[in-house]
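Fold and contact review
In case you want the letters, here they are:
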Amino acid sequence: EKELYDKFMCYCKHGKGDLSSSITVAEDTMSQTSSNIKASEGKLAQSKENLKTAQADRSAAKDAMAEATALREKEAAAFAAYKADADTNIAAITKAVASLEKGMAGG
């Protein structure tokens, strides 16, 4: 019985220290984990804000590209009409010059 009592007393003397150190470690870990959670929440909020900004920028870029494409198509159509008119005028001038040359040659 004395041996059992000594074992129990040894546990009481040394176990309290072990338990106290375990509690201290757990409290430190808990505060560090709490800090990590707060930091992660901040990063999450910033990431969500960055995502919203990126989506808005992407939408604006798509709108700008659509507008630029429409403008280029309009300019291409205007150029095609101008080119067709210029080609017609060049052909008419070429025929006129040929007729004038023929008339000046006496033929």
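Here's what I pulled together on the structure shown here. On a predicted model such as this, the values are computed, not experimentally measured, just so you know.

Procedures and definitions
Residues numbered from 1 in each chain as written. Predicted model: local features only at pLDDT ≥ 70, side-chain atom pairs only at ≥ 80, totals over all residues. Heavy atoms only, no water. Helix = DSSP H or I, 4+ residues; strand = E, 2+ residues; numbered from the N terminus. Buried < 20%, exposed > 50% of the residue type's maximum accessible area, 1.4 Å probe, protein only. Areas by Shrake-Rupley, 256 points an atom, 1.4 Å probe, with all protein chains shown as cover. Salt bridge = Lys/Arg side-chain N within 4 Å of Asp/Glu carboxyl O.

A word on the overall build of the protein chain. When you go through the protein chain residue by residue, the secondary structure sums to one helix and zero strands. Taking all 107 residues of the protein chain together, the buried fraction comes to 1%. Summed over its atoms, the accessible surface of the protein chain is roughly 9,700 Å², and 62% of this surface lies on carbon and sulfur atoms.

For the coordinates displayed, the defined rule picks out one salt bridge. Between D87 and K83 there is a salt bridge; the shortest N-O distance is 3.0 Å. In this pair, D87 and K83 are both assigned in helix α1 (residues 2-105), four residues apart and thus about one turn of the helix distant.

Interpretation in functional terms is not warranted from these geometric data alone.
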